[in-house]
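# Topology and contacts: notes
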Amino acid sequence: MSRPPRVLLLVNGLGLGNSTRCHAIIQRLNELGAEIAVITSGNGIWYFSGRPDVGRLNEIEAFYYASKNGRISIPRTLMSIGDFRRIGKRNAAVVARVLDEFRPDVALLDSVYTTGPFKSRGIPIVALNNADVVHAAYRRFKDRPRSIRMQFYAIEEMDYLFHRLRVDLVLSPTLDETIPAPGHNVRRIGPIVRRGYASDIASGDVRRVLVMLSGSRFGSPVALKEQSFPFHVDIVGREAPKDVELPPNIVFHGRVKDNTEIVRAADLMLVNGGFSAVSEAFALRKPMVVLPIPNHAEQWVNGRTIEHLGVGLMASEDAIEQAMLKAVRSIDSLRRAYERLPPLKDGAAEAASHIIAAAESRKSA
């Protein structure tokens, strides 16, 4: 009897989005009978710890964006290249040990750039990455701000080239099906979301608003000056401010591993521009306000795409309340925009199918 395919996932743990979308793929891989091991860092260790559907969990060091005054600094990030090389060398040693112990048939990389140990062992490398979407959309939107230019060329374009040249197969999710795939090793798939995020277009007045911003250290601050909203506000990922008396309709939940029920209850969502958070709101057909992290090209592109599709607004992080109230006033038109979009593809299932095919190909070789 043939053993089940073994899949090793390497997941960047800087924020939570990489972990949640990889978890969605793990859910589908388990349904296909795969054995799973995960290598991750930071928030990824927190998110995956204790989950029964993750067979083996291993920790590495995280690559990072350097900062200045609490913001992403591309010059300082580029100056950290020596540190990144040392991190990569240490991570490669961990990966090599796991490869010798787990002996995977395929590797899935999500924002992790260690490829040498896989290539030397002949293990197929599949990457979860849509830098090709950013590559195309950045040029499509002519109103792009100058502030994202350096991050785009220094990070996003290098990410695009790396995945075209260094991995065997790229699984590239998108919300906008009109953006063409570049071909070669890139396979376009639908948005990747966890189980429980089925389409659900609401109606009526806005009763609950969810503010769910990035789990990375660059996530936008939440400081609501107005406290007399005519709706309930849930804030996930942030602790309640100390020594501030909050009204009962504003609730801070802190970090939450399973936010499905809170998300499903929301009539409007405010998120940073990370692709996973935007995808899950999009899959649930939730009108949204996207607040891109400053100086981040991909997050700006994701927010601009939501605006282009008509299902949400984009705003700066210092205008949370104004954007929230504007979206509430526009809620009916944002909901109607979803009705004009094509049916949503299950990107997680598509990804799992491609990964299993790569694993089976190696097993039969």
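The following refers to the structure shown. These numbers were taken from a predicted model, which means no experiment stands behind them. (Residues numbered from 1 in each chain as written. Predicted model: local features only at pLDDT ≥ 70, side-chain atom pairs only at ≥ 80, totals over all residues. Heavy atoms only, no water.)

## Section: a positive patch on the surface
- On the surface, Lys-142, Arg-144, Arg-146 and Arg-149 cluster together into a patch of positive charge.
- Judged by its relative accessible area of 69%, Lys-142 falls in the exposed class. (Patch = residues over 30% accessible without salt bridge, like charges linked within 9 Å, V, L, I, M, F, W, Y side chains within 5 Å. Areas by Shrake-Rupley, 256 points an atom, 1.4 Å probe, with all protein chains shown as cover. Salt bridge = Lys/Arg side-chain N within 4 Å of Asp/Glu carboxyl O. Lys, Arg positive; Asp, Glu negative; His and termini not counted. Charge placed at Lys NZ, Arg CZ, Asp CG, Glu CD. Buried < 20%, exposed > 50% of the residue type's maximum accessible area, 1.4 Å probe, protein only.)

## Observations concerning helix α12 (residues 331–339)
- Every buried residue belonging to α12 is among Ile-331, Leu-334, Arg-335, Ala-337 and Tyr-338, and all of these are buried. Along the long axis of α12, the arc covered by the buried residues comes to 150°, so they all point the same way.
- As for α12, its buried residues are in contact with β13 (268–271), α9 (275–283), β14 (288–290), α10 (297–309), β15 (312–314) and α11 (320–329). (Helix = DSSP H or I, 4+ residues; strand = E, 2+ residues; numbered from the N terminus. Arc of directions from axis to C-beta. Contact = heavy atoms within 4.5 Å.)

## Looking at the sheet that holds β15
- With respect to topology, 6 strands assemble into an open sheet ordered β12-β11-β10-β13-β14-β15, the strand pairing being parallel. The open sheet has two edge strands with one neighbour each: β12 (250–254) and β15. Taking each pair of neighbouring strands and ignoring which way they run, the sheet shows an average axis angle of 15°.
- Bridge count for β13 against β14 is 3 bridges, and the pairing is parallel. Residue pairing for β14: Met-269 is matched across the bridge by Met-288. (Pairing = 2+ DSSP bridges. Axes fitted to C-alpha atoms, helices over the stretch in contact; angles between N-to-C directions.)

## Observations regarding the sheet that holds strand β3 (residues 56–59)
- In spatial order, the strands read β3-β2-β1-β6-β7-β8-β9; together these 7 strands make up an open sheet with parallel pairing. Looking at strand neighbours, the two that pair on one side only are β3 and β9 (186–189), the edges of this open sheet. The mean angle between the axes of side-by-side strands here comes to 20°, regardless of whether they run parallel or antiparallel.
- Judged from the 6 bridges that link them, strand β1 (residues 6–11) and strand β2 (residues 35–40) form a sheet pairing that is parallel. The partner of Arg-6 across the bridge, within β2, is Glu-35.

## Some points on the packing of helix α1 (residues 17–31) against α9
- It is at 7 Å that the axes of α1 and α9 come closest, and there the two elements cross at 50°. Taken as axis vectors, α1 and α9 run oblique relative to one another. In this structure, α1 uses Gly-17, Asn-18, Thr-20 and Arg-21 to contact α9, whose residues at the interface are Phe-275, Ser-276 and Glu-280.
- Grouping the constituent residues of the contact of α1 with α9 by class yields 1 nonpolar, 4 polar and 2 charged. (Parallel < 35°, antiparallel > 145°, perpendicular 65-115°, else oblique. Nonpolar A, V, L, I, M, F, W, Y, C, P; charged D, E, K, R; others polar.)

## Comments concerning unusual backbone geometry
- Phi at Arg-285 takes a positive value of approximately 60°, unusual for a residue other than glycine.
- Considering the arrangement of structural elements, one finds Arg-285 in the loop between α9 and β14.
- One non-glycine residue, Asn-295, adopts positive backbone phi at about 70°.
- For Asn-295, the position within the fold is in the loop between β14 and α10.
- The partly exposed category is assigned to Asn-295, whose relative accessible area is 26%.

## Considerations on empty space enclosed by the protein
- This structure, assessed with the given rule, holds 3 cavities of 30 Å³ or more.
- In this structure, the largest cavity encloses a volume near 60 Å³.
- Along its surface, the largest cavity is lined by Val-133, Thr-174, Leu-175, Asp-176, Ile-179, Phe-275, Val-301, Asn-302 and Thr-305.
- A per-element tally of the lining of the largest cavity places α10 first, with 3 residues.
- For the lining of the largest cavity, a count of residues per class yields 5 nonpolar, 3 polar and 1 charged. (1 Å grid on protein atoms, 1.4 Å probe; cavity = no way out; pocket = protein on both sides within 12 Å on 5 of 7 lines; lining within 4 Å. Points joined across faces, edges and corners; volume = space filled by probe spheres on them.)

## Describing the packing of helix α6 (residues 131–140) against α10
- Orientation of α6 relative to α10, taken along the N-to-C sense of each, is 65°, at an axis distance of 10 Å. Judged by the sense of rotation from one axis to the other, the crossing of α6 with α10 is left-handed. For the pair α6 and α10, contact is made by Val-134, Ala-137, Tyr-138 and Arg-140 and by Glu-298, Val-301 and His-308, respectively.
- Taken together, the residues of the contact of α6 with α10 break down into 4 nonpolar, 1 polar and 2 charged. (Left-handed = near helix turned anticlockwise from the far one by under 90°.)

As far as function goes, none of this settles anything; it's purely spatial.
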